Amino acid sequence: MTNTTEVEKNLASMGISATYDPNPKKEAPETKKSTGLSMSEFKGTKDRMKFLTSALPPGVKLMCNVKRVNSGTFSPPIYECYILEGQKEVFAMASRKRPKNRTSNYI
């Protein structure tokens, strides 16, 4: 019969084992959740702005690609953001550096 100390009881109440296990049980990998969000549903400019400025539900990840487009020799590049929907990329927004600014402010 083993006597558990107060420390061991506190550890057990927090879900921590008092002994070290070098081979812990591996948890199953997370399955991808369907977000139910689709950029292609938002056709108008106001709807697109609402989609881009609203927060995602907790636990939802939104995958996107950012592409750099060189527009000319002396002009700064334009950055375009595309949201991934399956194998398809949907244009979301673009930005460029403001001219004649020393700091990197993008519009």
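Residues numbered from 1 in each chain as written. Predicted model: local features only at pLDDT ≥ 70, side-chain atom pairs only at ≥ 80, totals over all residues. Heavy atoms only, no water.

**Q** How would you explain the overall build of the chain if you had to name every residue and give the values?
**A** Along the backbone of the chain there are two helices and three strands. Each helix and strand of the chain, placed in order from N terminus to C terminus, yields the pattern α-α-β-β-β. Residue burial in the chain is summarised as follows: out of 107 residues, 9% are buried. Put simply, 21% of the contacts in the chain that link residues at least 6 apart link residues at least 24 apart. Looking at the chain as shown, the accessible area adds up to about 9900 Å², and 55% of this sits on carbon and sulfur atoms. (Helix = DSSP H or I, 4+ residues; strand = E, 2+ residues; numbered from the N terminus. Buried < 20%, exposed > 50% of the residue type's maximum accessible area, 1.4 Å probe, protein only. Contact = heavy atoms within 4.5 Å. Areas by Shrake-Rupley, 256 points an atom, 1.4 Å probe, with all protein chains shown as cover.)

**Q** Can you explain the pattern of salt bridges? Please cite residues and give values.
**A** By the definition in use, this model includes one salt bridge. The partner of E89 in a salt bridge is K67, with the nearest N and O atoms 3.0 Å apart. With a gap of 22 residues between them, E89 in strand β3 (residues 88-96) and K67 in strand β1 (residues 64-69) connect regions that are remote in the sequence. (Salt bridge = Lys/Arg side-chain N within 4 Å of Asp/Glu carboxyl O.)

**Q** Can you break down the sheet that holds β1 residue by residue, with the values?
**A** Ordered by their spatial adjacency, three strands build an open sheet running β1-β2-β3, and the pairing between neighbours is antiparallel. Edge positions in the sheet fall to β1 and β3, since each of these pairs with one other strand and no more. Taking the axes of each pair of neighbouring strands and ignoring which way they run, one obtains an average angle of 25° across the sheet. One ladder, built from eight bridges, connects strand β2 (residues 78-85) with β3; its direction is antiparallel. Bridged to L84 within β3 is E89. (Pairing = 2+ DSSP bridges. Axes fitted to C-alpha atoms, helices over the stretch in contact; angles between N-to-C directions.)

**Q** Talk me through the packing of aromatic side chains; I want residue IDs and the actual numbers.
**A** Going through the model one piece at a time under the given rule, you end up with one aromatic pair. Aromatic pair Y82 and F91: ring centres 5.7 Å apart, planes at 70°, arrangement edge-to-face. The partly exposed category is assigned to F91, whose relative accessible area is 34%. A cation over an aromatic ring shows up here: K67 above the ring of Y82, its NZ or CZ 5.0 Å from the ring centre. (Phe/Tyr/Trp six-rings, centres within 6.5 Å; stacked < 30°, edge-to-face > 60°. Lys NZ or Arg CZ within 6 Å of the ring centre and 35° of its normal.)

**Q** I'd love a proper account of helix α1 (residues 6-13), names of residues and values included.
**A** Residues spaced three or four apart along an α-helix face the same direction, because each turn holds 3.6 residues. The buried fraction of α1 is low, at zero of eight residues. Two residues or fewer past α1, G15 is found with a positive phi of approximately 85°.

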